Structure formats: C-alpha cells, structure tokens
Amino acid sequence: MYIPTFHHLFQTIWSSDKQGHGPVVFAIACWLLWKKYPAISSSSVDGSQITGYTLFIISLLAYVAGRSQDIYLFEVGSLIVILASLILILHGHGGLRAAAFPLFFMLFIIPLPGTVVDALTQPMKMAVSYVTESVLHQMGYPISRNGVILQIGQYQLLVADACAGLNTLFTLEALGLLYLNLVKHESAFRNIILAILIVPISFIANVIRVMTLTLITYHFGDEAGQGFLHGFSGMVLFLAALSLTIALDGVLRQIGNRKYEHPSASSNA
C-alpha cells in the first residue's frame, strides 16, 4: 500500500537537499524495529485489540485522505499509526512499549508542511548568518552581511535553506535522539538535558557548516565552495553535531560523578 508513497517521495522531496535525510531516517527506524522485534514478539495480547482496530481504521482513513489530497502529514504519518495499531492487535501494550522509540523516531520521516518550514526557516537563516559574520569578523576576515547574503572578499554567498533551515535542525535532532537511545543512560535527568540541548547544538553545527563553506570559498574560490567540498560540508555538519553531543555528554557525566562522589567524601571525613 505504501510503495507508491515511497516511490513518490524518492522521486520528489527525498531527492532534494531539504528532505534528503528521509531515506536514512526511515532505514534507521526499520533497523531499530528489527532490533526490538524479540521484545515485541515476546509480549502477549492483553485485551487491547479494540483500541488497536480503532487506530487501524482511523489510520486507513487518514491514508486515504492524505493520498487523495496530497497531504504528506496524513499519508506518511498514517504509516506510523498503522504499525502501532498492528503491534497493539498482535502483541498488546507490552509490544507497543517495546516499539515506542522506533515508532517515535519514524516521525522524522514525515515531510513538514511548507508553511511551517517557510515561517521558521527565515529567522533561523538570519541568526546563522549573523553569528557567522560576527565570528569571522572577529577573526579578521573581510566579511559583511546583508540579510542572509554574506560578502567575504570578492565573493557573495547566499545562506540557503539546506544549510541552515528547519529540516536540517530536524535531521540533527533525530541524530541526537538516536545517540541517546544507543547510549542508554540510566539518568532520566541527564537524558532530558541532552535532548533539550540538542537544539542549540544543532544551531552551532549549522554555524560551523556555513563558516566552513565561507572560508573554503574565500581561500579556494567559488568553484571549490560549490563543488565537492560543498557536499563534504554536510558531513562536517553532522560530525560537528555528533562531536558536540558527545563532548556535552562527557561534561554532564563528570558533573554527575562529582555530585555522586561528594557525599561519600563528606561521610568518610
């Protein structure tokens, strides 16, 4: 049923820079479901079939509405509800709890409505452009800014949606949540703090990407900035976000260890 949906996504928005993270996120979500399958299948039915069948019917109606009216929110989002309803029917609430994170992670494959993206992307691009200009100016580079257009030396660069937009933020948020799931901290407080701080980490990573492209263009020319190194800057973005997340996680771990050791030291004294 969803083959035409995914075929259309691959032919359109998933082939663009704005939503290029979709296939990767979907593949990771499927892998997470496969990892959780033993826990899901070991759960028994617990009388939740009525809820499951109700959700199943609602999700089918949402799919029909989304498919017929080209509303990705309903068409793609219904897949998550259908999977959840089938797990409820076959394996009860225990199975659904086991599949909770993979299903939640799959939310990041849903294309955002264009009106929401347009409303939030422009302020984000302005902020990234401002910070990039300020940092490089302090480093002594001849840079100026007009809105989201950066002028460095004889080169002009437009900060595009793909470099500092809302979709990039969603991709990095998915990356951070995946890191939290794989690390599996026992401290709920630490997980919540890291999840909240992923947003500023994503912003900093976007700034690093734009600064990298700006410096590449300034030192090596416009062709270098728009060629292979432009694509490579996307890897810089994710590496920067992952490195910042791991570093911040280490800081939180050190703070937690010190708080844990302090009472022991006092009692020994």
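Refer to the structure presented above.
Throughout, residues of each chain are indexed from 1 in the direction in which the sequence is written. With the structure being a predicted model, the display of local features is reserved for residues of pLDDT at least 70 and the display and counting of side-chain atom pairs for 80 or more, all residues being used for whole-chain, interface and lining totals. By convention in this description, side-chain values take in all heavy atoms of the structure and omit both hydrogens and water.

Focus: the overall build of the protein
Scanning the protein from terminus to terminus reveals 11 helices and 3 strands. Accessibility here uses a 1.4 Å probe with only protein chains present; expressed as a share of the type maximum, an area under 20% marks a residue as buried, one over 50% as exposed, and anything in between as partly exposed. Taking all 269 residues of the protein together, the buried fraction comes to 41%. Shrake-Rupley sampling with a 1.4 Å probe provides the accessible areas, and residues are treated as covered by the protein chains on show and by no other component. When the accessible area of the protein is evaluated, it comes to approximately 14,700 Å², of which 68% is carbon and sulfur surface. Helical segments are the DSSP runs of H or I of at least four residues, strand segments are the runs of E of at least two, and each set is numbered from the N terminus.

With respect to empty space enclosed by the protein
Only protein atoms enter the 1 Å grid used here. Points where a 1.4 Å probe fits but cannot escape make up a cavity, open sets with protein on both sides within 12 Å along at least five of seven lines make up a pocket, and a residue lines them when an atom lies within 4 Å of a point. Grid points are joined across faces, edges and corners, and a volume is the space filled by probe spheres set on the points. Counting across every chain of the model gives 3 cavities of 30 Å³ or more. If you add up the space inside the largest cavity, you get close to 50 Å³. For the largest cavity, the full set of lining residues is Leu-172, Leu-175, Gly-176, Tyr-179, Ile-198, Ile-201, Ser-202, Ala-241, Leu-242 and Thr-245. For the lining of the largest cavity, the elements supplying multiple residues, two or more each, are α8 (166-183), α9 (188-220) and α11 (228-268). With 4 residues, α8 is the largest single contributor of residues to the lining of the largest cavity. Looking at the lining of the largest cavity residue by residue, the class counts come to 7 nonpolar, 3 polar and no charged. Three classes are used: nonpolar for Ala, Val, Leu, Ile, Met, Phe, Trp, Tyr, Cys and Pro, charged for Asp, Glu, Lys and Arg, and polar for all others, with Gly counted as polar.

Quick notes on the packing of aromatic side chains
The rule is short: rings of Phe, Tyr and Trp, with Trp giving its six-membered ring, pair when the centres are within 6.5 Å, and they are stacked under 30 degrees, edge-to-face over 60, tilted in between. As enumerated under the stated definition, the model contains 8 aromatic pairs in all. Ring centres 5.1 Å apart and planes at 85 degrees place the aromatic pair Phe-10 and Trp-14 in the edge-to-face group. Among the residues examined, Phe-10 registers a relative accessible area of 45% and is labelled partly exposed. Between Phe-101 and Phe-105, the ring centres sit 5.9 Å apart and the planes meet at 35 degrees, which makes this aromatic pair tilted.

A short note on the sheet that holds strand β2 (residues 149-152)
DSSP bridges decide pairing: two strands pair if at least two such bridges lie between them. One open sheet holds the 3 strands; their spatial order is β1-β2-β3, and the pairing between them is antiparallel. Pairing within the sheet leaves two strands with one partner each, and these edge strands are β1 (143-146) and β3 (155-158). The mean angle between the axes of side-by-side strands here comes to 20 degrees, regardless of whether they run parallel or antiparallel. Pairing of β2 with β3, which is carried by 4 bridges, proceeds in the antiparallel orientation. By the bridge assignment, Ile-149 is partnered in β3 with Leu-158. We call two residues in contact whenever any of their non-hydrogen atoms come within 4.5 Å of each other. Axis definition: a line fit to C-alpha positions, over the contact stretch in the case of helices; interaxial angles, taken between N-to-C directions, run 0 to 180 degrees. Strands β1 and β2 of the sheet are contacted by helix α6 (residues 114-138), whose axis makes an angle of about 160 degrees with β1. Across the face of the sheet, α9 comes into contact with β1, β2 and β3 while running at roughly 155 degrees to β3.

Structural notes on the side chain of Ser-129
With respect to the helices and strands, Ser-129 occurs in helix α6. In this structure Ser-129 comes out as buried when scored by relative accessible area, which is 0%. When near neighbours in sequence (up to four residues on either side) are disregarded, Ser-129 contacts Arg-145, Gly-147, Val-148, Leu-150 and Val-159.

A short note on the pattern of salt bridges
Definition used for salt bridges: Asp or Glu carboxyl oxygen within 4 Å of a side-chain nitrogen of Lys or Arg. Counted under the stated rule, the structure contains 2 salt bridges. Ionic pairing is found between Arg-67 and Glu-75, a salt bridge with its closest N-O pair at 3.0 Å. For Arg-67, a relative accessible area of 35% gives the class partly exposed. Given a relative accessible area of 3%, Glu-75 falls into the buried group.

Some thoughts on the environment of Leu-252
Within the element layout of this structure, Leu-252 appears in helix α11. Dropping the residues within four chain positions of it, Leu-252 is found in contact with Arg-190, Ile-193 and Leu-194.

A look at unusual backbone geometry
With glycine set apart, most residues show a phi of negative sign, and most peptide bonds adopt trans. Positioned with a positive phi, Asp-70 is a non-glycine residue whose angle comes to about 60 degrees. Tracing the backbone shows Asp-70 in the loop between α3 (49-69) and α4 (72-98). Among the residues examined, Asp-70 registers a relative accessible area of 65% and is labelled exposed.

Re the pairing of β3
Only one face of β3 is covered, namely the face carrying Tyr-155 and Leu-157; the face carrying Gln-156 and Leu-158 is uncovered. Between the end of β2 and the start of β3, which pair antiparallel, lie 2 residues, with Gly-153 showing a positive phi angle near 60 degrees.

Brief notes about the packing of helix α1 (residues 3-11) against α4
With their axes 11 Å apart at the nearest point, α1 and α4 run at an angle of 125 degrees to one another. With respect to each other, α1 and α4 are oriented oblique. At the point where α1 passes α4, the crossing takes the left-handed sense. When α1 is examined against α4, the residues Thr-5, Phe-6, His-8 and Leu-9 are found in contact with a partner set consisting of Tyr-72, Glu-75, Val-76 and Leu-79. We call two directions roughly parallel when the angle between them is under 35 degrees, roughly antiparallel when it is over 145, roughly perpendicular when it lies between 65 and 115, and oblique otherwise. In this scheme the crossing of two helices becomes right-handed for a clockwise turn of the near helix relative to the far one and left-handed for an anticlockwise turn of less than a right angle.

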